[in-house]
Amino acid sequence: METTNLVLINRFCSNCDLEYSFINSLRECGLIDIIVIDDKKYILDKHFKKIVQAIYFHFELNINIEGIDVIHNLLDQINNLQDELKTTKNKLDFYEFG
């Protein structure tokens, strides 16, 4: 498997001064996926935004992992609603000006 979009967790944790247990907690609550290749654990680079947000929420705002999960679920819902609103507005514009 190609590892261009993967980051080695050990390297990421050492660069960010994080414990592996924090990353594993994010995986356990379903926020990120961990991929194992040849006994090495990786995270997808598309999860960086969620990880950086989680680091901020946890270490700066003292929010626990369960709270971070709730926040991310709410943010996902907001994004979905914004997309739905944009689609609805586009349809309305089409019918008003079409």
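Quantities reported herein were computed from a predicted structural model and do not represent experimental measurements.

### As for the sheet that holds strand β2 (residues 34–37)
Within a beta sheet, neighbouring strands are joined by backbone hydrogen bonds and run either parallel or antiparallel to one another.
Link 1 in the chain: Strand order in the open sheet formed by three strands is β1-β3-β2, with antiparallel pairing between adjacent strands. Only two strands of the sheet have a single neighbouring strand rather than two, namely β1 (6–8) and β2. Looking at each pair of strands side by side, their axes are set apart by 40° on average, direction ignored.
Link 2 in the chain: Each of β1, β2 and β3 (40–44) touches helix α1 (residues 9–16); the most contacted strand, β1, lies at about 65° to it.

### Focus on the nonpolar core
Link 1 in the chain: Counting 16 residues, the largest nonpolar core has F22, I23, L26, I32, I43 and I51 as its most contacted members.
Link 2 in the chain: When residues of this core are traced back to their parent elements, those giving at least two are α1, α2 (20–28), α3 (48–60) and α4 (65–97).
Link 3 in the chain: Excluding anything up to four places from it in sequence, I23 contacts I9, F12, C13, L18, I32, I34, I43 and I51.
Link 4 in the chain: Core analysis: the second largest hydrophobic core is formed by five residues, L6, I35, I37 and Y42 among them.

### Quick word on the packing of aromatic side chains
Link 1 in the chain: Under the counting rule described, the total for this entry stands at four aromatic pairs.
Link 2 in the chain: Between the aromatic rings of F22 and F59, the centroid separation amounts to 5.3 Å while the plane-to-plane angle is 50°, which identifies the pairing as tilted. One end of the pair, F22, is in helix α2; the other, F59, is in helix α3, and 37 residues separate them in sequence.
Link 3 in the chain: Look at F94 and Y95: their rings are 5.3 Å apart centre to centre, the planes differ by 75°, and that puts the pair in the edge-to-face class.

### Topic: α4
Link 1 in the chain: For α4, with 33 residues, the first-to-last C-alpha span of 48 Å sits near the 48 Å given by 1.5 Å per residue.
Link 2 in the chain: Its buried side turned inward, α4 meets α2 and α3.

### Observations concerning the pairing of β2
Link 1 in the chain: Where β2 lies against β3, four bridges are found, and the strand directions are antiparallel. Pairing of I34 across the sheet is with I43, part of β3.
Link 2 in the chain: Here β2 hands over to β3 after two residues, with D38 in that stretch at a positive phi of 55°.

Calculation criteria
- Residues numbered from 1 in each chain as written.
- Predicted model: local features only at pLDDT ≥ 70, side-chain atom pairs only at ≥ 80, totals over all residues.
- Heavy atoms only, no water.
- Pairing = 2+ DSSP bridges.
- Helix = DSSP H or I, 4+ residues; strand = E, 2+ residues; numbered from the N terminus.
- Axes fitted to C-alpha atoms, helices over the stretch in contact; angles between N-to-C directions.
- Contact = heavy atoms within 4.5 Å.
- Core = buried A, V, L, I, M, F, W, Y, C linked by side-chain atoms within 4.5 Å.
- Buried < 20%, exposed > 50% of the residue type's maximum accessible area, 1.4 Å probe, protein only.
- Phe/Tyr/Trp six-rings, centres within 6.5 Å; stacked < 30°, edge-to-face > 60°.
- Expected span 1.5 Å × (residues − 1).

None of this, on its own, says anything about what the molecule does.
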